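Coordinate analysis (summary)
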Amino acid sequence: MKELMTGNEAIARGAYEHGVTVGVGYPGTPSTEILENFARYPGVKAQWAPNEKVALEVGIGASLAGARVLVTMKHVGVNVAADPLMTAAYTGVNGGLVLVSADDPGMHSSQNEQDNRNYARFARVPMFEPSDSREAMEMVGLALRVSEEFDLPVILRTTTRVAHSRSLVEVGQRTEVPLRPYRKDPQKWLMVPAFGRQRRQDLEERLQRLKAYTETTPVNFISWGNREVGVITSGISYQYVREVLPGASILKLGMTFPLPGGLIRQFAAGVERLLVVEELDPYIEEFVRSLGLEVTGKQIFPAWNEFTPGLVRSKLEEAGVRVLPTDSRAEVSPPPSGVDGQLEELPPIPGRPPVLCPGCPHRGVFYVLHKLKLLVTGDIGCYTLGGLSPLDGMDSCVCMGASIGMAHGCELADPSLGGQTVAVIGDSTFFHSGITGLLHMVYNGGRGTVIILDNRTTAMTGHQDHPGTGKTLMGQLAPAVDLEALVRALGVSRVRVVDPLDINGLTQAVKEEVTAGVPSVIIARRPCALLHRENRPPVRVDAEACTGCRTCLKIGCPAISVQDKRAAVDAIICTGCGLCVQVCRFGALQEGGENSG
């Protein structure tokens, strides 16, 4: 039976069908839906970990005990998990272990672009790259088999387009795979230097066997066509090349570490001109050049942003590449024309910058921080939007958990900033990697103030649970971390909980804590507006009282606009949170009721 699935759904299905019993990860777009779908299958165990390092460590333990394992994260999560990954290549596996790295070319939901094909080469572990949902599902099974055969964890690299695009998948039945028996073997699993040196040598022997395997694996294959041009490609770029150059000869690489040198030489010998089409780094291109072959790649294709069929077509045309189809497919019809026979010009689409949701509890925090003119080191989450206009309430954002360490670093460099700097971090991000930063600040005598935006969920990636929500990925009740007690246990003596929608109370709390002279934590607690909408009527506008000062626009609420030089509130999306009522100096915005004027 065939079903239409996203790449993420297909990976979850592939894991289920091929006997994976343990799935662990940390939510991060574009990988999040893999575990959410996997958790719905019977007989499996799925968990959100506090961060990616923990997720991989749990996965390695489950593999040691003989289970087949899937570990999921986005590309930057592999940075966090790199510590166990590097050594897991030495120890190897027992049950098959597949690590999904979901890369994000174009930074649709990320703070950087990162080509994690380099991690496979760095860690010396095999890597597979699907180009659609069908391959995504099939490659999970192949990766598990390769993992067990070659005694290595395997990386399955996807990108945003593959993760979220849909294509047909042949759905089968689950194959139950029994636990592989665990045998005590310190020389394999206990990486003290004496054993590690031996496993390092053994790793090279496993890699040599992998290099032979990659020459014959069916996921690396040649499609011969017009031999004027030959294209080497992988992942989603393969689909674009097939669309743009339907008659070209193509070497499709589904296994991108190790790369098949022999197959590449064979392909290059059969074409007049050799091209590499790949997103981000010249990873394949550099390998081809190392073989002494002449190839065109990043001379014409950019090393940043995601590709599209249109970009591939235009860059090939600029390079003088034109390959005629060798099959009987009809030419693509031109787009419809207007009544005058010319292309109809469509009106420009207005920009739609991302904003915090109506009623978002974070909005008040950034309004206050901007008003107090503080230096704000920020973090990763939907609240990072608080750094954009008109709130302008955040100065920096680097990586998960960096806000607290950066605030302490500012104070170290310039002690006068000790009473002017605030770190802002979400509850899920605090559990991920903020705890150690706060511990460092306290241990080293810092004086900074940390605001934990506690909206009781992992909102940015779609409202996943975490250790503070009281529920697991599979819906089971769990102990909820007492955030105040945890912070105090780290040595913070000044801890206070505030309502982030109470402007006066929040302002007073921030003023007091930044001048306290000791580490302090403010927990701004209110549930995410998308999970818990209070039954409040929308704000009303007294048009006669409104002066058109536009102060209300400074909170950046999408429910507020200006019409005929007066404030207007969209009653459909207004949550009645009352934030705008508090900032209006003329009483023109009032709690619930009919608009006047």
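Predicted, not measured: the structure shown is a model, and the values here were computed from it.

Some remarks on a positive patch on the surface
The grouping of Lys371, Lys511, Lys554 and Arg585 at the surface amounts to a positive patch. Tracing the backbone through its elements, the reader meets arginine 585 in the loop between helix 19 (579–583) and strand 22 (589–590).

As for the pairing of strand 21 (residues 566–569)
Relative to strand 21, strand 20 (residues 560–563) runs antiparallel, the two sharing four bridges. Directly across from valine 562, in strand 21, lies its bridge partner alanine 567. The antiparallel hairpin formed by strand 20 and strand 21 contains two residues in its connecting segment, where aspartate 564 sits at a positive phi of about 55°.

A few points about the sheet that holds strand 10 (residues 226–234)
Taken in spatial order, the four strands of this open sheet run 9-11-10-13, and their pairing is mixed. Sheet topology places strand 9 (220–223) and strand 13 (273–277) at the edges, where each strand pairs with a single neighbour. Across the sheet, the mean angle separating the axes of adjacent strands is 15° when strand polarity is ignored. The pairing of strand 9 with strand 11 (residues 248–253) spans four bridges and is antiparallel. Bridging from a neighbouring strand, phenylalanine 221 pairs with lysine 252 of strand 11. Sheet strands touched by helix 12 (residues 283–290): strand 10, strand 11 and strand 13. Its angle to strand 13, the strand with the most contacts, is close to 145°.

A word on empty space enclosed by the protein
In total, this model carries four cavities of 30 Å³ or more according to the counting rule given. In this structure, the largest cavity spans a volume of roughly 140 Å³. Taken together, 13 residues make up the lining of the largest cavity; nearest its centre are Gly359, Arg526, His532, Glu534 and Thr575. Of the residues that constitute the lining of the largest cavity, the class distribution is five nonpolar, four polar and four charged.

Digging into the nonpolar core
The tendency in soluble globular proteins is for nonpolar side chains to be buried side by side. Core analysis: the biggest nonpolar cluster contains 85 residues, and Phe128 and Ile232 have the highest contact counts within it. Considering each element in turn, this core owes the most residues, nine residues, to helix 6 (residues 133–150). Beyond its immediate stretch of four places on either side in the chain, phenylalanine 128 contacts Met139, Leu142, Ala143, Val146, Val154, Ile155, Leu156, Arg157, Tyr213, Val219, Gly254 and Met255. By size, the runner-up hydrophobic cluster in this structure holds 61 residues, among which are Cys360, Leu374, Ala407 and Val539.

A word on the pairing of strand 16 (residues 449–454)
Buried residues dominate strand 16, accounting for six of its six residues. Here strand 16 shows no split at all, with Thr449, Ile451 and Leu453 on one side and Val450, Ile452 and Asp454 on the other all buried. Sheet analysis places strand 15 (residues 421–426) next to strand 16, joined by five bridges and oriented parallel. Within strand 16, the position partnered with valine 424 by the bridge is isoleucine 451. Where the polypeptide runs from strand 15 across helix 16 (residues 427–443) and back to strand 16, its parallel neighbour, the crossover connection is right-handed. Two elements, strand 16 and strand 18 (residues 520–525), share six bridges in a ladder whose sense is parallel. Note that in strand 18 the partner of threonine 449 across the bridge is serine 520.

Conventions adopted
- Residues numbered from 1 in each chain as written.
- Predicted model: local features only at pLDDT ≥ 70, side-chain atom pairs only at ≥ 80, totals over all residues.
- Heavy atoms only, no water.
- Patch = residues over 30% accessible without salt bridge, like charges linked within 9 Å, V, L, I, M, F, W, Y side chains within 5 Å.
- Areas by Shrake-Rupley, 256 points an atom, 1.4 Å probe, with all protein chains shown as cover.
- Salt bridge = Lys/Arg side-chain N within 4 Å of Asp/Glu carboxyl O.
- Lys, Arg positive; Asp, Glu negative; His and termini not counted.
- Charge placed at Lys NZ, Arg CZ, Asp CG, Glu CD.
- Helix = DSSP H or I, 4+ residues; strand = E, 2+ residues; numbered from the N terminus.
- Pairing = 2+ DSSP bridges.
- Axes fitted to C-alpha atoms, helices over the stretch in contact; angles between N-to-C directions.
- Contact = heavy atoms within 4.5 Å.
- 1 Å grid on protein atoms, 1.4 Å probe; cavity = no way out; pocket = protein on both sides within 12 Å on 5 of 7 lines; lining within 4 Å.
- Points joined across faces, edges and corners; volume = space filled by probe spheres on them.
- Nonpolar A, V, L, I, M, F, W, Y, C, P; charged D, E, K, R; others polar.
- Core = buried A, V, L, I, M, F, W, Y, C linked by side-chain atoms within 4.5 Å.
- Buried < 20%, exposed > 50% of the residue type's maximum accessible area, 1.4 Å probe, protein only.
- Right-handed = clockwise from strand over helix to strand, strands pointing away.

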